[in-house]
Amino acid sequence: MQTILLVVEVDLMAIILALDVRREMHVIGEGKEREVEIKTYIEKILVEENVSMRKQERVDRIKKELQEPQFLPSPYDMAWVAMVPFQGLQFIGKNFSIVMDEQIGAPIGFNVTFTGMIRLRIEMGLEFPLKQNDVDGILQIRQMELKRFVEDTSYGKEAYMAYISEGLGDVLDWNEVMKFQRKNGSLFNSPSATAAALIYNYDDKALQYLNLLVRKFGGSDDLSHVKSSDFHSSLQGYLKDPKSLLELYKASRVSISKDETVLNNIGEWSSNLLRENMCSGEVPRIPILGEVEYAIKYPFYATMDRLDHRRNIEKIDDGGYQMLKTSYFSCRANKDHLALAAEDFTFSQFIYQDELLHLESWVKENRIDQLQFARQKQTYCYLSACATIFHPELSDARISFAKNSVLITVVDDFFDVAGSKEELENLVALVERWDEHHELQYSSESVKILFFAIYTTVNQLAERASALQKRDVRKHLIELWTELLRSMLTEAEWVRNQYVPTIDEYMTNANLSYGLGPIIPPSLYFVGQELLESAVKDQEYTELLRLMNICCRLLNDIQGFEREGSQGKVNSVSLLVLHSGGSISSGAAKKTIQEYIALCRKDLLRLVLKEDSGVPRPCKELFWNMCKINHLFYSQTDGYSSPEEMVGAVNAVIYEPLKLQISYPSLTLKSEQ
């Protein structure tokens, strides 16, 4: 009913618009060309409204699917229904042709489990509503499978047979099968295999597991039992399932504790095994091969969300999984989901392009482009913003992030290469005075440009943030800039006086001088969360900021070691070498720093995931996302300083249309607009 009303409303709007246009045409004269233009314009509006209506219908369908999932019976469900008298027999009879259709994706071992069910029904003396030839065909399939097991000498055969044990029954040695029983009492977390174990080899733990399932769904074992030597003999090893190995590798990389020996070991051997499989051709399908290469090159802490979204949309593989027993998908990657994701990504790109144009205009309005010494990194700064703060409605957060990033890049260049002692001190003094800056003179035009760019931008952002937070945050934003410039001045004085700080002195100052203070904290005010002043002053907030700063500063130090050394500057790498008296090489120093980065990264992630926090989760995630951005920029080289390194990411997130196998008219329409 709502759809009908919407269509009528759209039609009425079009008619009214047409009448208004006709009146206008009566005044200016009716020409054929003008009439064609009007007709085209009206048709365009109708098409746009139609696209919008279809999109809303799609959203409604997806919501309904999520709220009321429809589970279609898999072939394995059909086999179990066969155990129910009368109804099961009729069900199998009606669906026999579907069950035995090789074109239907069947669960692993289905030709054993299903035929085992049929054999059991025959032994019970029940007749089937099937032709005898069909029954004979089923039993023939079973005999062929049993013969194959006898001849099979592959690793993991025992695990595979235990996994499908309900279809083998008394053919198995159940004492051997029970060696695969897990701590929770199950066999492979499979209710059907566990039920068979209870029938053929009564076990209290198996009964407890099944009783638990009746009350609620049970958990899973930890990964302590997963070892390299065992994987080849496991079910996944027998099935040569690269997807399972890949997911195991990914899981091993997510660590939040200092001592994660088990995860580290799993990560090492699973990574080596994936590489071996790629070289030997054991990863046959092209899509999964690309996934493996991507996961090894870019761990979860060195990616951008929007890059991952694009990759998932373009590389989605609805059939690229192995069905282990029953597999239910209440939210399958069907056309509705893919279309909605593609439309959202495309719509967001248009917003990103407009915001980047705004950023370029802002640079010119503030004369930042006239500073010849400064790197012009507007595009990279905006990429960092939109690739993580990607929701279309968070425009203010992206603009705050990007503008402050541009300002810090330019100021950093000023302190590093262009500013004299007097100019640097003058800029710091102006920011410290802020509203009383008119009491001071400008030592150069560069100082004047820099100060007014900082002053006007921070004031504008503070006014907007204060309105959103319903409290005055201007003082906080000014303090962030004051602390940054003072720390930069300290580093400049070290260089000028050829002073070599201790590691502790360097790290204390570097916590501020890297420049993330004026980027992340102001952006937090724009992510749609109330951020109380008490939360900003809380120890948790301070620690989030400190850990993020350390990770990012040290990542930059590793890649900027040679460049900064040529400028007469020291960083954490050179200081470790210098203070060791020559006993530590630059390579060893970098390795030590990488290990410390890993520890800080784990601590940061643990804080982000912590519940019952005074800092809202979306705010905490921005600290983590900034850490991820820096890992991506500096994992291989100094990607931020390179003019080419991140161009591909810029194009993928902001400019290039999605490459889809399915076309959607709404995407074409938006591209034309």
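Procedures and definitions
Residues numbered from 1 in each chain as written. Predicted model: local features only at pLDDT ≥ 70, side-chain atom pairs only at ≥ 80, totals over all residues. Heavy atoms only, no water. Helix = DSSP H or I, 4+ residues; strand = E, 2+ residues; numbered from the N terminus. Buried < 20%, exposed > 50% of the residue type's maximum accessible area, 1.4 Å probe, protein only. Contact = heavy atoms within 4.5 Å. Expected span 1.5 Å × (residues − 1). Core = buried A, V, L, I, M, F, W, Y, C linked by side-chain atoms within 4.5 Å. Phe/Tyr/Trp six-rings, centres within 6.5 Å; stacked < 30°, edge-to-face > 60°. Lys NZ or Arg CZ within 6 Å of the ring centre and 35° of its normal. Axes fitted to C-alpha atoms, helices over the stretch in contact; angles between N-to-C directions. Parallel < 35°, antiparallel > 145°, perpendicular 65-115°, else oblique. Left-handed = near helix turned anticlockwise from the far one by under 90°. Nonpolar A, V, L, I, M, F, W, Y, C, P; charged D, E, K, R; others polar. pLDDT = per-residue confidence, 0-100. Polar contact = N/O pair within 3.5 Å; in protein donor to acceptor, adjacent residues only side chain to side chain. Salt bridge = Lys/Arg side-chain N within 4 Å of Asp/Glu carboxyl O.

Q: Give a description of the overall build of the chain that names residues and reports values.
A: Scanning the chain for helices and strands turns up 32 helices and zero strands. Out of the 673 residues in the chain, the part that is buried amounts to 46%. The long-range share in the chain, meaning contacts at least 24 apart out of those at least 6 apart in sequence, stands at 70%.

Q: An account of the environment of Phe347 is needed here, citing residue identities and associated values.
A: Along the chain, the position of Phe347 falls in helix α18 (residues 335-365). Distance from Phe347 to Pro392, taken between C-alpha atoms, is 8.2 Å for residues 45 residues apart in sequence.

Q: Requested: an account of helix α21 (residues 421-433), with residues and values cited.
A: Structural remark: α-helix, 3.6 residues per turn; residues separated by three or four positions point the same way. Taking 1.5 Å per residue, 13 residues should reach 18 Å; α21 reaches 18 Å between its end C-alpha atoms and fits that length. Among the residues of α21, those classed as buried are Glu423, Leu424, Asn426, Leu427, Val428, Leu430 and Val431. On the buried face of α21, the contacting elements are α20 (395-418), α22 (445-469) and α23 (474-497). With its phi angle positive at about 50 degrees, Trp434 sits one or two positions after the end of α21.

Q: Go over the nonpolar core, please, and point to the residues and values.
A: Ranked by internal contacts, the top residues of the largest apolar core, which has 113 residues, are Phe415 and Trp481. Among the elements that make up this core, the one with the highest residue count is helix α27 (residues 539-566) (twelve residues). Ignoring sequence-local partners within four residues, the contact set of Phe415 consists of Leu424, Leu427, Val428, Leu485, Met488, Leu489 and Ala492. Residues Phe149, Ala159, Ala196 and Ala197 belong to the second largest nonpolar core, which totals 19 residues.

Q: Summarise the packing of aromatic side chains; cite the residues concerned and give the values.
A: Overall, the coordinates contain 15 aromatic pairs when judged by the stated rule. Where Tyr380 meets Phe633, the ring centres are 6.0 Å apart and the plane angle is 50 degrees; that geometry is what we call tilted. Taken together, the residues Tyr380 in helix α19 (residues 378-386) and Phe633 in helix α30 (residues 617-634) connect sequence positions 253 residues apart. You'll find Tyr380 and Phe633 in the same group, each marked buried. Aromatic pair Trp494 and Tyr499: ring centres 6.3 Å apart, planes at 45 degrees, arrangement tilted. By relative accessible area, Trp494 is classed as buried at 15%. For Tyr499, a relative accessible area of 37% corresponds to the partly exposed category. Within the aromatic cluster, the residues linked to one another by ring pairs are Trp434, Tyr442, Phe451, Phe452 and Tyr455. Seen from the ring of Tyr301, Arg601 lies directly overhead, with NZ or CZ sitting 3.6 Å from the centre.

Q: An account of the packing of α21 against α23 is needed here, citing residue identities and associated values.
A: Direction vectors running N to C along α21 and α23 enclose 160 degrees, while the axes themselves pass 9 Å from each other. With respect to each other, α21 and α23 are oriented roughly antiparallel. The way α21 lies across α23 gives a crossing that is left-handed. Every residue of α23 that contacts α21 at Lys421, Leu424, Glu425, Leu427, Val428, Val431 and Glu432 is listed here: Ile478, Trp481, Thr482, Leu485, Arg486, Leu489, Ala492 and Arg496. For the contact of α21 with α23, the per-class residue count stands at nine nonpolar, one polar and five charged.

Q: Describe in detail the environment of Asp259, supporting the description with residues and values.
A: The topology assignment puts Asp259 in the loop between α14 (242-253) and α15 (261-280). The exposure class of Asp259 is exposed, given its relative accessible area of 62%.

Q: Describe the confidence of the model for the chain, with residues and values.
A: On average, residues of the chain score 76 in pLDDT, and 69% of them reach the 70 mark or higher. In this model residues 71-86 is a low-confidence stretch, pLDDT under 50, and it forms 40 contacts with partners more than four residues away in sequence or in other chains.

Q: Describe unusual backbone geometry, listing the residues and the values that go with them.
A: One non-glycine residue, Arg367, lies in the positive phi region at around 60 degrees. Within the element layout of this structure, Arg367 appears in the loop between α18 and α19. Despite not being glycine, Gln498 has its phi angle at roughly 55 degrees, a positive value. Relative to the helices and strands, Gln498 is located in the loop between α23 and α24 (503-513). A relative accessible area of 72% places Gln498 in the exposed class.

Q: For α23, give the residues involved together with the corresponding values.
A: In a regular helix each residue adds 1.5 Å, so 24 residues correspond to 34 Å; α23 covers 35 Å between its end C-alpha atoms and thus fits that length. Directly after α23, the chain includes Gln498, whose backbone phi takes a positive value near 55 degrees.

Q: Lay out the environment of Glu314 with the relevant residues and their values.
A: Checked against the element boundaries, Glu314 lands in helix α17 (residues 305-315). With residues near it in sequence (within four places) discarded, Glu314 still touches Pro657, Leu658 and Lys659. At 2.8 Å, the side chain of Glu314 forms a polar contact with the backbone nitrogen of Lys659.

Q: Can you tell me about the pattern of salt bridges, naming the residues and giving the values?
A: Counted by the stated rule, this structure contains 21 salt bridges. With its nearest N and O atoms 2.9 Å apart, the salt bridge here joins Lys421 to Glu425. You can see Lys421 and its partner Glu425 sitting in helix α21, four residues apart, about one turn around the helix. With a relative accessible area of 32%, Glu425 lands in the partly exposed category. The closest approach of N and O atoms between Arg474 and Asp435, which form a salt bridge, is 2.7 Å. Here the residue Arg474 occupies a position in helix α23, and Asp435 occupies one in the loop between α21 and α22, the gap between them amounting to 39 residues. Judged by relative accessible area, Arg474 falls into the partly exposed class, the value being 26%. Connected through shared salt-bridge partners, Arg375, Asp412 and Asp413 make up one network.

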